[in-house]
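Listed here are the chains, written in short residue letters.
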Amino acid sequence: MRNFLLFAALSVSSASMAQYGSFDKKAVATAKASSTLVLRDAKDSPYNRALMDAVKADWRFTANPDFGTTTDLATAPIDPTKTYLMKVRKADKEKHTATFLALVQGWKMKKGEMLNVEDDAVTNLPAEQEIASILIDAKQMDNGGAAMLNVYLKALQDFLKQVENGKITDKATADRLYASRNRFIKEQELWLAKEQLDKSLPDLAAIKETYTHEVKLMDYPQLMAAATKGQSGVCIADVVITGEYKTKWCFRRVFNASTGELMYQRDEAALFDKKMGFIQEDFRVLEQSR
């Protein structure tokens, strides 16, 4: 669980679920020299189409990625010389689960070792094989949110680049790097969808009571258009809710729409449907960022 981004009723380590991965430069270098197999869902879906388009447009970490489906995991053994871009599902010690898009290093499987796949996500991935991952909302991917895959793929590769160049060496340095980007949001337009706000922030005027820089409240498809285009000068909000009514957790993030860089992250309990999106505190942090 502590192996990353990014991305349940989680403990104080919950932020480590949202994004991250391996902090080992050698592991990243090995992954970079590999060939990547991109595993789509077994059936056609908006997620499949968006993932293929995003990989073709924006994947630069490895050369000439190939495509397959999760059914390949049952018919062909994992290849130690390859990396795999796939959905994985992880649970914390209290058994709350979340879905991630992950880059996985292949390994030599033991005799009888099998990967469990549920709803097109691997549920028993060995943690040490995860190179980078980012929290996603699997349901939203097929309900109007698949364009975020363009941003997520860029964010994964940014993480890998920072590990490769030594700027990220552990979770603490990763957190500091992402926090240092908060202030750059104020130099761009911040776009949020109405449904990404907690009910304590009813409108744009409520946001501007705290945040004095350029911010726009718009329809969700407009954010997805910016993600698809990689629109420059824009930072887009992203909200993922995990868990059930009494165990909900809210992950709030802001990404650079053009570069995919993670610019802001915060998460906390959303128990009894409170803090179900961006709250005033998020905008206070951004306003005061230096």
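Residues numbered from 1 in each chain as written. Predicted model: local features only at pLDDT ≥ 70, side-chain atom pairs only at ≥ 80, totals over all residues. Heavy atoms only, no water.

### Quick word on helix H2 (residues 46-58)
Inference 1: With 13 residues, H2 ought to run about 18 Å at 1.5 Å a step, and its terminal C-alpha atoms sit 18 Å apart, in line with that.
Inference 2: Those residues of H2 lying buried are Tyr47, Asn48, Ala50, Leu51, Met52, Ala54, Val55 and Asp58.
Inference 3: Residues of H2 that are buried make contact with strand S2 (35-40), strand S3 (66-69), strand S4 (82-91), strand S5 (97-105), helix H4 (138-145) and helix H5 (148-164). (Helix = DSSP H or I, 4+ residues; strand = E, 2+ residues; numbered from the N terminus. Expected span 1.5 Å × (residues − 1). Buried < 20%, exposed > 50% of the residue type's maximum accessible area, 1.4 Å probe, protein only. Contact = heavy atoms within 4.5 Å.)

### What to know about the pattern of salt bridges
Inference 1: Here the structure, examined in full by the defined rule, presents 17 salt bridges.
Inference 2: Of the charged contacts in the structure, one is a salt bridge between aspartate 158 and arginine 181, with a shortest N-O distance of 3.0 Å. Of this pair, aspartate 158 sits in helix H5 while arginine 181 sits in the loop between helix H6 (171-180) and strand S9 (189-193), and the two are 23 residues apart along the sequence. Summarising the burial analysis for this pair, aspartate 158 and arginine 181 share the class buried.
Inference 3: Through salt bridges with shared partners, a single ionic network connects Arg252, Arg266, Glu268, Lys275 and Asp282. (Salt bridge = Lys/Arg side-chain N within 4 Å of Asp/Glu carboxyl O.)

### A few points about the environment of leucine 197
Inference 1: The residue leucine 197 is located in the loop between S9 and helix H7 (204-208) in this model.
Inference 2: Leucine 197 gets classed as buried once you look at its relative accessible area, which sits at 9%.
Inference 3: Considered as a pair, leucine 197 and leucine 217 are 20 residues apart in the sequence and their alpha carbons are 9.5 Å apart.
Inference 4: In this view, leucine 197 contacts Leu192, Ile207, Leu217, Met276, Gly277, Phe278 and Phe283; residues no more than four positions away in its chain are not counted.

### Things to note about the pairing of strand S13 (residues 262-269)
A regular strand carries its side chains on alternate faces of the sheet.
Inference 1: Pairing of strand S12 (residues 249-256) with S13, which is carried by seven bridges, proceeds in the antiparallel orientation. What sits directly across from arginine 253, in S13, is glutamine 265.
Inference 2: Between S12 and the antiparallel strand that follows it, S13, lie five residues; glycine 260 among them carries a positive phi value of about 80°. (Pairing = 2+ DSSP bridges.)

### Structural notes on the packing of H5 against helix H8 (residues 220-229)
Inference 1: The interhelical angle for the contact between H5 and H8, taken along N-to-C directions, is 45°, at an axis separation of 7 Å. Classed by the angle they form, the pair H5 and H8 counts as oblique. Considering the relative orientation of H5 and H8, their crossing is left-handed. Facing H5, whose interface residues are Met148, Asn150 and Val151, H8 presents Met224, Ala227 and Thr228.
Inference 2: Residues of the contact of H5 with H8, tallied by class, amount to four nonpolar, two polar and no charged. (Axes fitted to C-alpha atoms, helices over the stretch in contact; angles between N-to-C directions. Parallel < 35°, antiparallel > 145°, perpendicular 65-115°, else oblique. Left-handed = near helix turned anticlockwise from the far one by under 90°. Nonpolar A, V, L, I, M, F, W, Y, C, P; charged D, E, K, R; others polar.)

### Points about the sheet that holds S13
Working definition: the strands of a sheet are paired by backbone hydrogen bonds and lie parallel or antiparallel to each other.
Inference 1: What the five strands build is an open sheet, ordered S10-S9-S11-S12-S13; its pairing is mixed. The two strands at the open ends of the sheet, each matched to only one other strand, are strand S10 (215-218) and S13. Neighbour to neighbour, the strand axes of the sheet diverge by 20° on average, direction disregarded.
Inference 2: Along the sheet face, H5 touches strand S11 (234-242) and S12 and points at about 80° away from the line of S12.
Inference 3: Sitting on the sheet, H8 touches S9, S10 and S11, and the angle it makes with S9 is about 130°.

### Remarks on the packing of helix H1 (residues 25-32) against H5
Inference 1: Contact geometry of H1 with H5 gives a least axis separation of 9 Å together with a crossing angle of 125°. Here H5 runs oblique to H1, going by the angle between their axes. In this structure, H1 meets H5 at a crossing whose hand is left-handed. For the pair formed by H1 and H5, the contact residues are Lys25, Val28 and Lys32 on the first element and Leu160, Val163 and Glu164 on the second.
Inference 2: A per-class count over the contact of H1 with H5 returns three nonpolar, no polar and three charged.

### Some thoughts on the layout of surface pockets
Inference 1: By volume, the largest pocket is sized at about 530 Å³.
Inference 2: Lining the largest pocket we find 20 residues, and of these Arg89, Thr99, Asp137, Ala138 and Lys139 sit closest to its centre.
Inference 3: Only S4, S5, strand S8 (130-136), H4 and S11 provide two or more residues apiece to the lining of the largest pocket.
Inference 4: Residue composition of the lining of the largest pocket, grouped by class: six nonpolar, four polar and ten charged. (1 Å grid on protein atoms, 1.4 Å probe; cavity = no way out; pocket = protein on both sides within 12 Å on 5 of 7 lines; lining within 4 Å. Points joined across faces, edges and corners; volume = space filled by probe spheres on them.)

### Points about the nonpolar core
Inference 1: Ranked by size, the top nonpolar core spans 48 residues in total, and within it Leu85, Leu101, Met148, Leu149 and Ile236 carry the most contacts.
Inference 2: The dominant element in this core, judged by the number of residues it contributes, is H5, at ten residues.
Inference 3: Every residue in contact with leucine 85, bar those within four places of it in the chain, is listed here: Thr36, Leu37, Val38, Leu39, Leu51, Val55, Leu101, Ala102, Leu103, Leu153 and Leu156.
Inference 4: Among the nonpolar cores identified, the runner-up in size contains 20 residues, and Leu190, Ile207, Met263 and Leu286 belong to it. (Core = buried A, V, L, I, M, F, W, Y, C linked by side-chain atoms within 4.5 Å.)

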